[in-house]
Amino acid sequence: QVQLVESGGGLVQPGGSLRLSCAASGFTLAYLDIGWFRQAPGKERERVSCISRGNGFTYYADSVKGRFTIARDNAKNTVYLQMNSLKPEDTGVYYCGAGLSACRASDFGSWGQGTQVTVSS
């Protein structure tokens, strides 16, 4: 009844692009802050990006600034992460999370199952 589903991951060469999607059912994403996180084996989970429910605040990790863009399509109840100029260190499982104040307070109440991104030659 309440679900977040990530999609769009895959294998891409360095310098390539992917667009990840975070689609919701059972609730409206426009009412929530949405964050993207990633985790690689042996590494801590990293916050990649976040967008507030009113689109007044966005966050990007220093490692992805200028390469990644977060955006909403409220008509599709979906949040996207456009990833350009991908590097091998971008490899990992990418998760989206949602919460009323998640960008500021990390109160993520819902999580997706993750989608694998692999950047390799």
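Each chain has its residues counted from 1, running along the sequence as written. At least 70 in pLDDT is required for a residue's local features to be given in this predicted model, at least 80 for side-chain atom pairs to be given and counted, and no such filter applies to totals for whole chains, interfaces and linings, which use all residues. With hydrogens and water set aside, each side-chain value is computed from the structure's full complement of heavy atoms.

A. Representation of the sheet that holds strand S1 (residues 3-7). With respect to topology, 4 strands assemble into an open sheet ordered S1-S3-S8-S7, the strand pairing being antiparallel. Taken across any chain shown, the strands that pair with only one partner, and hence form the sheet edges, are S1 and strand S7 (68-73). Adjacent strand axes in the sheet meet at a mean angle of 15 degrees, parallel and antiparallel pairs treated alike. Alignment of S1 against strand S3 (residues 18-25), held across 5 bridges, turns out to be antiparallel. The residue bridging glutamine 3 from the neighbouring strand is serine 25, located in S3. Two strands form a pair only when DSSP identifies at least two bridges running between them. Strands are runs of DSSP state E lasting at least two residues, helices are runs of H or I lasting at least four, and both sets are numbered from the N terminus onward. Convention adopted: a line fitted to C-alpha atoms gives each axis, helices being fitted over their contacting stretch, and angles between N-to-C directions are expressed from 0 to 180 degrees.

B. Structural view of the packing of aromatic side chains. Aromatic pairs are defined between Phe, Tyr and Trp rings, using the six-membered ring for Trp, whenever the two ring centres lie within 6.5 Å; interplanar angles under 30 degrees are classed as stacked, those over 60 as edge-to-face, and all others as tilted. This model, assessed by the stated rule, comprises 3 aromatic pairs. Their ring planes at 85 degrees and their centres at 5.1 Å tell us that phenylalanine 37 and phenylalanine 108 sit as a pair that is edge-to-face. Highlighted residues: phenylalanine 37 in strand S4 (residues 33-39) and phenylalanine 108 in the loop between helix H1 (102-105) and strand S10 (110-111), separated in sequence by 71 residues. Counting every residue linked through ring pairs, the aromatic cluster contains Phe37, Phe108 and Trp111. Two conditions define a charge sitting above a ring: the NZ of Lys or the CZ of Arg must be within 6 Å of the ring centre, and it must be within 35 degrees of the ring normal. Stacked on the ring of tyrosine 80, the Lys or Arg arginine 19 has its end atom at 4.3 Å from the ring centre. One Lys or Arg, arginine 47, reaches over the ring of tyrosine 59 and ends 5.9 Å from the middle of that ring.

This is a description of form; function is not addressed.
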